[in-house]
Amino acid sequence: MDSKKQSVWKDRCVTEWNLGGKGIPLPQEWDWESTYQKKPFGRNLIKNPCPEGLSHKVPLDTTRPQAPPPRKPLESLGDFSGWKTKEEHLPVDTSGIPEGAVICHLPNYSWVIKEQIINLKEEGFWEELLDVYQPDICVTDWYEDSQLHDYVYELHVKLLGSDHAKVINEFSLKPKNERSETQHKWCEVSHIFQKYGPGVRYIQFEHRTKDLFVVGFDRTRVTDSTVRVQLRE
């Protein structure tokens, strides 16, 4: 790297982001031009945060179709590039059914699991920043209170070391929702990681939404997923 050129870009980063005033250590060897161009602070690091084109600012359409909605492949519902997706079918609950009773339809639940791994160094964050200053890592997600079950959503976020395996810090949430026909709205979940410890190089973001198939197919939708790294004021 051209040291003189990098020095100019380093000065821009220091000035615009007040790195010196915040006491953030700066490496001697670093691609400051790339970091400046990426403008990593405050930027959403989740790729394709609204894969179904939904926004939590727009009320949900809860109109029921006349015919039971069919099950559709996830990839037909939007553009899920950037996400690793899978489906997990849950055992059918037959408890409470009297012996010999004939049941035509039982609820079949499944989780849709979507995951992303964020490489913090590739996004423009240097090791000294992550290890010593430890900027805030802010996570937000919006899910539909779909009324399908008491638990229709889970969020799991892990801060990982350089080996992709060591968990330095983590946050999980499994909210219980009130089952009321009048609810059916967007629900926000959020968390801020602070003073999480040195060594963080990756963020694993995973959310789960519960679907239901009885006669027709009903889904729990999710959108506007965000992970941002913020400098403190």
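The preceding data block contains the structure.
Residues numbered from 1 in each chain as written. Predicted model: local features only at pLDDT ≥ 70, side-chain atom pairs only at ≥ 80, totals over all residues. Heavy atoms only, no water.

Overview of the overall build of the chain
Working step 1: Looking only at helices and strands, the chain features 3 helices and 9 strands.
Working step 2: Ordered by position from N to C terminus, the α and β elements of the chain give α-α-β-β-α-β-β-β-β-β-β-β.
Working step 3: Across its three principal axes, the chain shows a C-alpha extent of roughly 80 × 30 × 30 Å.
Working step 4: Per-residue burial over the chain gives 43% buried out of 233 residues.
Working step 5: Look at the contacts in the chain between residues 6 or more apart in sequence, and 81% of them connect residues 24 or more apart.
Working step 6: Surface accessibility of the chain: about 13,100 Å² in total, with carbon and sulfur atoms responsible for 49%.
Working step 7: Taking the 31 positively charged and 36 negatively charged side chains of the chain as two groups, their mean positions are separated by 3 Å. (Helix = DSSP H or I, 4+ residues; strand = E, 2+ residues; numbered from the N terminus. Buried < 20%, exposed > 50% of the residue type's maximum accessible area, 1.4 Å probe, protein only. Contact = heavy atoms within 4.5 Å. Areas by Shrake-Rupley, 256 points an atom, 1.4 Å probe, with all protein chains shown as cover. Lys, Arg positive; Asp, Glu negative; His and termini not counted. Charge placed at Lys NZ, Arg CZ, Asp CG, Glu CD.)

Quick word on helix 1 (residues 3–17)
Working step 1: With 15 residues, helix 1 extends 21 Å between its outermost C-alpha atoms, agreeing within 8% with the 21 Å of an ideal straight helix rising 1.5 Å per residue.
Working step 2: For helix 1, the set of buried residues is Q6, W9, C13 and W17. Buried residues of helix 1 fall within an arc of 65 degrees about the axis and therefore sit on the same side. Facing away from the buried side of helix 1 by over 90 degrees, the exposed positions are K4 and T15.
Working step 3: Looking at the buried positions of helix 1, the neighbouring elements they touch are helix 2 (32–38).
Working step 4: N18 sits one or two residues past helix 1 and shows a positive phi near 55 degrees. (Expected span 1.5 Å × (residues − 1). Arc of directions from axis to C-beta.)

Focus: the sheet that holds strand 9 (residues 222–230)
Working step 1: Strand order in the open sheet formed by 3 strands is 6-3-9, and the pairing between neighbours is antiparallel. With one partner strand each, in any of the chains shown, strand 6 (186–193) and strand 9 form the two edges of the open sheet. On average, adjacent strands in this sheet sit at an angle of 10 degrees to one another, irrespective of strand direction.
Working step 2: Pairing of strand 3 (residues 136–144) with strand 6 involves 8 bridges; the strand directions are antiparallel. Note that in strand 6 the partner of T140 across the bridge is S190. (Pairing = 2+ DSSP bridges. Axes fitted to C-alpha atoms, helices over the stretch in contact; angles between N-to-C directions.)

Observations regarding the pairing of strand 3
Working step 1: Judged by how many residues are buried, strand 3 sits mostly within the fold: 9 of 9 residues are covered.
Working step 2: Across the two faces of strand 3 the burial is the same, with D136, C138, T140, W142 and E144 and I137, V139, D141 and Y143 all buried.
Working step 3: Bridge analysis of strand 3 against strand 9 gives 7 bridges, and the strand direction is antiparallel. Note that in strand 9 the partner of W142 across the bridge is T223.

Some details on the pattern of salt bridges
Working step 1: This model, assessed by the stated rule, comprises 11 salt bridges.
Working step 2: When the shortest N-O distance is used, the salt bridge between E33 and K5 registers 3.2 Å. Of this pair, E33 sits in helix 2 while K5 sits in helix 1, and the two are 28 residues apart along the sequence.
Working step 3: Its relative accessible area of 40% is what places K5 among the partly exposed residues.
Working step 4: In this structure, R208 and E88 form a salt bridge, with 3.5 Å as the shortest nitrogen-oxygen distance. (Salt bridge = Lys/Arg side-chain N within 4 Å of Asp/Glu carboxyl O.)

Details of the side chain of Q147
Working step 1: Relative to the assigned elements, Q147 resides in the loop between strand 3 and strand 4 (153–160).
Working step 2: Within the local environment of Q147, its side chain forms a polar contact with the side chain of D145, the two groups lying 3.2 Å apart. (Polar contact = N/O pair within 3.5 Å; in protein donor to acceptor, adjacent residues only side chain to side chain.)

Some remarks on the packing of aromatic side chains
Working step 1: The tally for this structure, following the rule as stated, stands at 8 aromatic pairs.
Working step 2: Relative to Y36, the ring of W9 has its centre 5.3 Å away and its plane inclined at 45 degrees; by these criteria the two rings are tilted. Taken together, the residues W9 in helix 1 and Y36 in helix 2 connect sequence positions 27 residues apart. Each member of the pair, W9 as well as Y36, is classed as buried. (Phe/Tyr/Trp six-rings, centres within 6.5 Å; stacked < 30°, edge-to-face > 60°.)

What to know about unusual backbone geometry
Working step 1: Look at Q134: it is not a glycine, yet its phi comes out positive at around 55 degrees.
Working step 2: Its place among the elements puts Q134 in the loop between helix 3 (127–133) and strand 3.
Working step 3: The buried category is assigned to Q134, whose relative accessible area is 12%.

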